[in-house]
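# Remarks on the overall topology
In case you want the letters, here they are:
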Amino acid sequence: MLDPKLFESDTRADWCPGCGDFGVLAALKDALLKSGKQPHEVVVVSGIGCSSNMPGYIRTYGFHGLHGRPMPVAIGIKCANPRLTVVAAAGDGDEYGIGFNHVVHAARRNDDIKLIVMNNEIYGLTTGQLSPTSRLGQKTKTSPEGSIIYPIKPLPTILGAGGTFVARTFSGDPKHMSLVIQEALKHRGFALIDAISPCVTWHNIYDEVKKLFYKLEDRGYKPDDEQKAYEAMNDPNGIPIGIFYRTEDKASFQERLGEVNGGRWPVDEVKTLPESVCRSLALEFA
Amino acid sequence: MLDPKLFESDTRADWCPGCGDFGVLAALKDALLKSGKQPHEVVVVSGIGCSSNMPGYIRTYGFHGLHGRPMPVAIGIKCANPRLTVVAAAGDGDEYGIGFNHVVHAARRNDDIKLIVMNNEIYGLTTGQLSPTSRLGQKTKTSPEGSIIYPIKPLPTILGAGGTFVARTFSGDPKHMSLVIQEALKHRGFALIDAISPCVTWHNIYDEVKKLFYKLEDRGYKPDDEQKAYEAMNDPNGIPIGIFYRTEDKASFQERLGEVNGGRWPVDEVKTLPESVCRSLALEFA
Amino acid sequence: MPHQGKEGELTIRIGAAAGDGIQSAGEMIMRVLSRSGLWITTYNGNQSLIRGGHVWFHVHAAAWKTYSMGYGLDFLIPLTQLAYDQHYERLNSGGAVIYDPSSVKAHDLPAGVRDLSVPLGEVALRHDRRPIMRNTVALGALCAAVGVDFDVLAKVIADQFGRKDRSVSENNVKAAQEGYDVVRQGAPPVRQLKYDYSSPKPVMTAGYAISMGAVNAGCRFYSAYPMSPASPIVHWMAAHARKLGLTVFLAEDEISVMNATVGAAYAGARAMCATSGGGFSLMQEALGEAAMTETPVVVVDVMRAGPSTGLPTKTSQGDLNMMLGISHDDFPRVILAPRNAEESFYTAERAFNLAETYQVPVIVLLDYAIGDGGYSTVENLDFDFRIDRGKMLSAPGPGDHNGFWFRRFALTSDNVSPRAVPGTPGMMFVAKTDEHDEWGHDMSDVLAGLNESAPLRERMQEKRMKKLEAIKGEMKAPELFGPSGADITVITWGSSANPSREAIRELHRKGVSVNALEFSDIFPLNEVEVTRILRTARTKVDVEVNYTGQFAKLLARDTGVEMDSYLLKYDGEPIYPIEVEKHVLSLRKEVHAVA
Amino acid sequence: MPHQGKEGELTIRIGAAAGDGIQSAGEMIMRVLSRSGLWITTYNGNQSLIRGGHVWFHVHAAAWKTYSMGYGLDFLIPLTQLAYDQHYERLNSGGAVIYDPSSVKAHDLPAGVRDLSVPLGEVALRHDRRPIMRNTVALGALCAAVGVDFDVLAKVIADQFGRKDRSVSENNVKAAQEGYDVVRQGAPPVRQLKYDYSSPKPVMTAGYAISMGAVNAGCRFYSAYPMSPASPIVHWMAAHARKLGLTVFLAEDEISVMNATVGAAYAGARAMCATSGGGFSLMQEALGEAAMTETPVVVVDVMRAGPSTGLPTKTSQGDLNMMLGISHDDFPRVILAPRNAEESFYTAERAFNLAETYQVPVIVLLDYAIGDGGYSTVENLDFDFRIDRGKMLSAPGPGDHNGFWFRRFALTSDNVSPRAVPGTPGMMFVAKTDEHDEWGHDMSDVLAGLNESAPLRERMQEKRMKKLEAIKGEMKAPELFGPSGADITVITWGSSANPSREAIRELHRKGVSVNALEFSDIFPLNEVEVTRILRTARTKVDVEVNYTGQFAKLLARDTGVEMDSYLLKYDGEPIYPIEVEKHVLSLRKEVHAVA
Ligand SMILES: Cc1ncc(C[n+]2csc(CCOP(=O)(O)OP(=O)(O)O)c2C)c(N)n1
Ligand SMILES: Cc1ncc(C[n+]2csc(CCOP(=O)(O)OP(=O)(O)O)c2C)c(N)n1
Ligand code: SF4
Ligand code: SF4
Ligand SMILES: [Mg+2]
Ligand SMILES: [Mg+2]
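Here the focus is the coordination of the magnesium ion (ligand 6). Residue and element names in this part refer to chain B. Within the protein, D92 (OD), N120 (OD1) and I122 (O) serve as the donor atoms for the magnesium ion (ligand 6), at 2.0 to 2.2 Å. Read from N- to C-terminus, the donor residues coordinating the magnesium ion (ligand 6) fall into the pattern D-x27-N-x1-I. Within this pair, whereas D92 is found in helix 3 (residues 92–98), its partner N120 is found in the loop between strand 4 (114–119) and helix 5 (154–161), the two being separated by 28 residues in sequence. With a relative accessible area of 1%, D92 lands in the buried category.

Here is the structure:
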């Protein structure tokens, strides 16, 4: 029997009532639980933003780092100890803006990190400025007359960069989100989960998303074809959620690292060198 | 009559004899000349790397900045004075690695910058380490047993991000490269030109590329369809060069800026405020 | 035992949870009093969350110049129990608490504090379905309690809600009127100052002031990535872009911000950007780029409590060491730290002239306390200003050109080289972050280390660094506040001058011999002059908002003068005048004991 | 007038264009002499380009300990005319120039310098189609000129080319033999030292030494982005990854490097990274993250000449100010600057123990002169080392847990909190860059600024900062070189100790009363102890490689002690002993004039 309180924290989330991030938190807890993870086996790494307050609201190891930098911290953790399940969780500003390059390169390296981007098309914590996913014309504190900047399209970008698991979910459907996260946890390598998670304070798109979203699987979509994935992502008439693309053919970066270091992982090897090795090292340049 | 020496500098390029970057330099000069540009109307902005030594070898205004940062410098210049033609030129490490996020966001904003990436699949100047475009198995100083990292796919990534002009060229064919650059100079907004520019010292792929490359236009390819562009870019059997995708439908970021600032560009407006405005500003919060 | 409120002054604090509209209520109080002819200083007790928690807004107003939060609270408006519990102990005798007894219990009210209970919620709900309007009701009550004409408040409300539906504004006025009436009919004002409604006083934060100063200095390029407490600057710029013809570049990160600012400045614009500490870390490499390419930029750092993410909405003066060590190896920079909004306006103007005259980066240090968290009255805002762009050429002089290139980095007697704006025919040059010769040619490749080029490298480094010597001549000496020759001298920099001033005023009333030396020009220190001035001071007390006394260390480093005592605060809260006062009083005992 | 070469020492310089194999030729000279039992120091006169220009390699060897480049040149091997022109004036009388007269004209040969012309190109072309082998021929000639057994060179060549085709190695040996014979048959050796071929001396750069030290200290995670002159460290790590079981993460930029290092350290690894100044700028924000989360990391900065891109292959000690001001607001850090390769090895070990014991970032400053540009003999490499991980718990002690969370940031009497490795059951905690309480709960949102939490914030800041007090007790006092009580004391830090030592040895021969205080532990300074030591010195000369005297300024700031004189170099070249000697001699005149 799974203890539903296994991942409960004693700390109340400080998000605004109704914030989409509550749904993501619930889905993540549920997915970890259903995936049979124990709290000490999991590290949740975040950046800075409303969404990045996640660690501490979920009882696992946590690292609440810098704006835009959850990915490299997560990668460092995973490289040091690949036995840990490492989840990165942050906002659209964090991951598609200032920290996007880390995501792109994690995608191409296929780092074994599960990234959940709580996409609300706004900078929430800094009180509502334009984010990279904000829309043309969107009025924010930094675009009082409406944005003049085209939004980023994170999913095709990451697919183009070589992403091996690219999905979208909606915090209005935490059950579906949990299922997608469970798949991501099983995935061999990097998983990007774009989680539409509306900001009820600065840019409330709940009703709109509720009207427009549909599940890919409901339309018989199979996430095994790159070309089709591009098409599905670019649907101008609705908001598809689900897994757009997935391949288990590529080894994760950490698998490949293990081939080089022989499975001698840094956390287990905090020791001096054997004497035999030392002598030859000393004379290497002589 | 065009003066072929118009863009000649007094400074000899310090690249290794045979370096691909010579071809790019020649192509860029030729393209500027044929596009009817004058040296003082052009700024060439670069980063750090062998390839980034470009400014100064070509007689235009130049800015030889930081590793990975030509794009934002170029954008600052273009926003301050959109009458200038701004070309960014740098290496694969510079633009697809440390500085890739700037490229991605320039692509989505459609900044009116023409970016030439001298892609040699290696860090040249730092004496031959793995670059983001280096191949699996490639032996370099940082991968003495062969790389374990999947290379980035810059072209589909930038297309996914919203790129409006995405092309590949080869320094072994400077004439073709010049033509592509000329098209880029006419383009409304951001142009990415991936210029295969082999490093004869650390990773000489001249012969290989010469064998495998072909021109898209020779195969009747039209760069007007995103889906087809993805397919063309992912050709596993050859190295297509030419323009993969191009659209003139999107306004450039600088065009849009001009709508807000009313064409009052920063370089022309280094002046105090009219008195009428001052009074109201002062009392704005009272 | 509660203190007595100060004659002729008002200190007012309103508190509730984030999302309850405390900031705008506080700003309305500020406006009411500032339109009543008073001098104002405010402080915003913010938290880093959007809804919930506890936030407050403090207004200090007086018939004379105010500098900081003043002493205690004359009026507390707690809209939540937590707001009452957190602040009631600060209430001055002779003051009052304005609250709704149905939601707040005013326990342990200090002696001499009036209990002004007003059914805020009930009144509010009469005018709107949601209780948010209780703020307005409280404002009405406050106006009655301080004896301000209701019309002033009505106008402030109209201005505030003007853009919304007209009924919103009208309902708010009605609600306010009811609050006003409850208190008014009860009694005469609790504390009434003399008001002059004829001319509203300009009031702004240092963030807004520096924005206006910058634009008036010819800055039309602004690049930003939002970061508290620097964000108000970009909000202001974005809001004025169309009206003032500003080009605002919202970049993907602070690296891009700084590089774009350098690019714009290189192109010939006056370009500025701003951030807070964490973002500044990301800008450092490009600051080095600006210095090496001798590109004039102005960068504002609005300091907040760190290290790292720290306390994003709390204050600190902890970024000075970073500014002294930006990026690697030696390069010139100027560091200015205006004390308040008014000085920030002029500092922006000076910063651009200094940057362009000497072709160096200029850094302006503000902090949360004045930058985002605090408004203050700006007495004189003189937009008359002479832009000095330094050595800007539109055509090469003799020897300035070699047929190919303009000699952009010429070695000159004053170490400043002529500049050209890209786009100018025939003046092409390359700005290089590699070491370069006078023509901008690379000295790191084929020339590096050669017998003939090592000395040139030396001279290029000297050229850049020696500009600091000339700049020293332009640095303002610390301003003396109070009489010269006092027993005790308070040393402040930037915003720490403000609480110190109010403390000194109070200490003078108590007959203490104290003055202040207020530094607003931080680096390069004019060592000779500063040393001379510091040596005239007897007992020196360093007052700053960081753990290590960063500015005192700079003084020790560059002048050899050591402080005698330190008041260092690093709990995130700004310094209160009472803290400076107590510290000085404790020292006086020591001083007397020794004497 | 040329100087006389020093008895018992050899200084050799070989020069040509980049791509001519000068580095490997130089390293072979180094190996030959080091296998002949001599102490070695080398310097690599590099340029920032791959082919062309002019580069050179300098070897200083002696029967006793060498520290820097020594005095002048006993042997110059100019393979190009430019190499001759650039260096011939340094030739010592009693030395020789080895060159090919068909490509180099040995004009104006200084008096007493032997002209050893050898048909290098001709011989080389007899053994290979390309003339690259002339380096080897010259090495043969050199060995004859210094009287080293040819077998030693033959073995060095075999080792060098061992991995290639066997014929390559054999042809090179043959070519070298011809060069050897040309000189040998002509005459007895020009300058012969006593050689002991029985035990080769370990030789390495500080970059390699610190890599070995780190791995021996238990570091198995290394993250990097290449940057000269720090790249050799990642090359070494990558080359040893399989053999030693290292996990090397090649990141997309230095931001990623530093954050990944913090992540790995948080996860319980010993983690290190390295870069040079420009890359370090990008790491600063994450250094603050390490400090705020009390995650122990070791970061190496191999300094090069700046500012900005500067001179990537030239040397400097200009990054100290940056290290004193990393990122914003106050946080603890340790700064160490080993003087040479040997000390670097042990510094890596100390750095990890310090980092983990105090849970702070430790920064190690190397520079090009010793880090990439210079090998030196490592006398003692003792791999025996005790790893001290500090307060690492595998299960919570009483009071360490609240049922949900581990009290990771407990306030303790020594200000160090217990740590747990993620993966340990029941010890979950959150590391936060926001200010936090003892349990790692956020103090920047709902708690920020409350009456009860402001004092806690204060204590958390004190907890972090006060660790510096304990660390001061672990900082090594400056090492005294030379006799105590000398008239003149040279103050050095890090690598500037090296030329100073050779100068002092020479000055002692000349009867000058001089010594040196060599700092390798830079921050936190143990002020009391350091002040006491500095006060014992009479005339103090600061010797460092930057414009402003950054270390002297730190001493002034933290001890109040001022220097009497400065030898500051910033042309990119390392300090030569002769420069220190001259400076001290000029001072002695002053000292005497005054006395
Ligand atoms: C280097 C840096 N720059 C800027 C900031 C300020 N900042 C904090 S959160 C944030 C954006 C938050 O937006 P997002 O990532 O979308 O998260 P959300 O609050 O919307 O969940 C910014 C700009 C910072 N903390 N660090
Ligand atoms: C912040 C920073 N990190 C690292 C470096 C060192 N560096 C200089 S050039 C370069 C890579 C060059 O590779 P690429 O961009 O592909 O250019 P190429 O030399 O191949 O033309 C690196 C890593 C630097 N200058 N700045
Ligand atoms: S501001 Fe928006 S994103 Fe932040 S907690 Fe509130 S609703 Fe959520
Ligand atoms: S090292 Fe490679 S990229 Fe650099 S100049 Fe030589 S050939 Fe070109
Ligand atoms: Mg967001
Ligand atoms: Mg490259």
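What follows covers the coordination of the magnesium ion (ligand 5). With distances of 2.0 to 2.1 Å, the protein atoms coordinating the magnesium ion (ligand 5) are A:D92 (OD), A:N120 (OD1) and A:I122 (O). Donor residues binding the magnesium ion (ligand 5) come from one chain and are separated in sequence as D-x27-N-x1-I.

Turning our eyes to something else, we now look at the site of ligand 4. Surveying the vicinity of ligand 4 reveals the residues B:W15, B:C16, B:C19, B:C50, B:N120, B:C199, B:V200, B:T201, B:W202 and D:I50. The site occupied by ligand 4 is bordered by residues of chains B and D. For the shell around ligand 4, a count of residues per class yields eight nonpolar, two polar and no charged.

Attention now goes to the interface of chain A and chain D. Each side of the interface is counted separately: chain A has 59 residues, and chain D has 78 residues. Taken over both partners, the interface formed by chain A and chain D buries close to 5,400 Å², and the fraction arising from carbon and sulfur atoms is 63%. Seen at the junction of chain A and chain D, the total is one salt bridge. Residues A:R109 and D:E252 are paired through a salt bridge, measuring 2.9 Å at the closest nitrogen-oxygen approach. Inspection of the region where chain A meets chain D yields 28 residue pairs in polar contact (both at pLDDT 80 or more). If you list the elements that add at least two residues to the side of chain A that touches chain D, you get strand 2 (61–64), helix 2 (70–80), helix 4 (100–109), helix 9 (253–261) and helix 10 (275–282) of chain A. Top contributing element to the side of chain A that touches chain D by residue count: helix 2 of chain A, with seven residues.

Moving on: the interface of chain C and chain D. Residue-level contacts link 74 residues of chain C with 74 residues of chain D. For the pair chain C and chain D, the two sides together bury roughly 6,200 Å², of which 52% comes from carbon and sulfur. Linking chain C to chain D there are two salt bridges. Salt-bridge contacts for C:K553 lead to D:D558; the nearest nitrogen and oxygen are separated by 4.0 Å. Taken together, chain C and chain D are joined by 45 residue pairs in polar contact (both at pLDDT 80 or more). Counting residues per element, the ones that place at least two in the side of chain C that touches chain D are strand 3 (52–62), helix 2 (81–87), helix 10 (277–292), helix 11 (320–324), helix 14 (454–472) and helix 17 (550–559) of chain C. Ranked by the residues each element gives to the side of chain C that touches chain D, the list is headed by helix 10 of chain C, at nine residues.

Definitions and limits used
- Residue positions are given per chain, counting from 1 as you read along its sequence in written order.
- Both sets of labels track the order of writing: A upward for chains, 1 upward for ligands.
- Whole-chain, interface and lining totals are the exception, using all residues; otherwise, since this is a predicted model, local features are given only for residues with pLDDT of at least 70 and side-chain atom pairs are given and counted only at 80 or more.
- As a convention, hydrogens and water are excluded, and side-chain values are obtained from all of the structure's heavy atoms.
- Note: metal donors comprise N, O and S atoms at 2.8 Å or less from the metal (3.2 Å for Na, K and Ca); water molecules are not included, so apparent gaps in a site are possible.
- Secondary structure counts use DSSP, requiring at least four H or I residues in a row for a helix and at least two E residues in a row for a strand, with both numbered from the N terminus.
- Partly exposed describes any residue whose relative accessible area lies between the buried limit of under 20% and the exposed limit of over 50%, with all areas from a 1.4 Å probe on protein chains only and scaled to the type maximum.
- If even one non-hydrogen atom of a residue comes within 4 Å of a molecule or strand, that residue is called near it.
- In this count, Pro and Cys sit with the nonpolar residues alongside Ala, Val, Leu, Ile, Met, Phe, Trp and Tyr, while Asp, Glu, Lys and Arg are called charged and the others, Gly among them, polar.
- Contacts were defined at the residue level, with two residues in contact if any of their heavy atoms lie within 4.5 Å.
- Summed over both partners, the accessible area lost on bringing two parts together, with a 1.4 Å probe, is the buried area.
- Any Lys or Arg side-chain nitrogen found within 4 Å of a carboxyl oxygen on Asp or Glu counts as a salt bridge.
- By the criterion applied in these results, polar contacts are pairs of N or O atoms within 3.5 Å in which, for protein atoms, one can donate a hydrogen and the other can accept it, and in which residues neighboring in sequence qualify only through two side-chain atoms.

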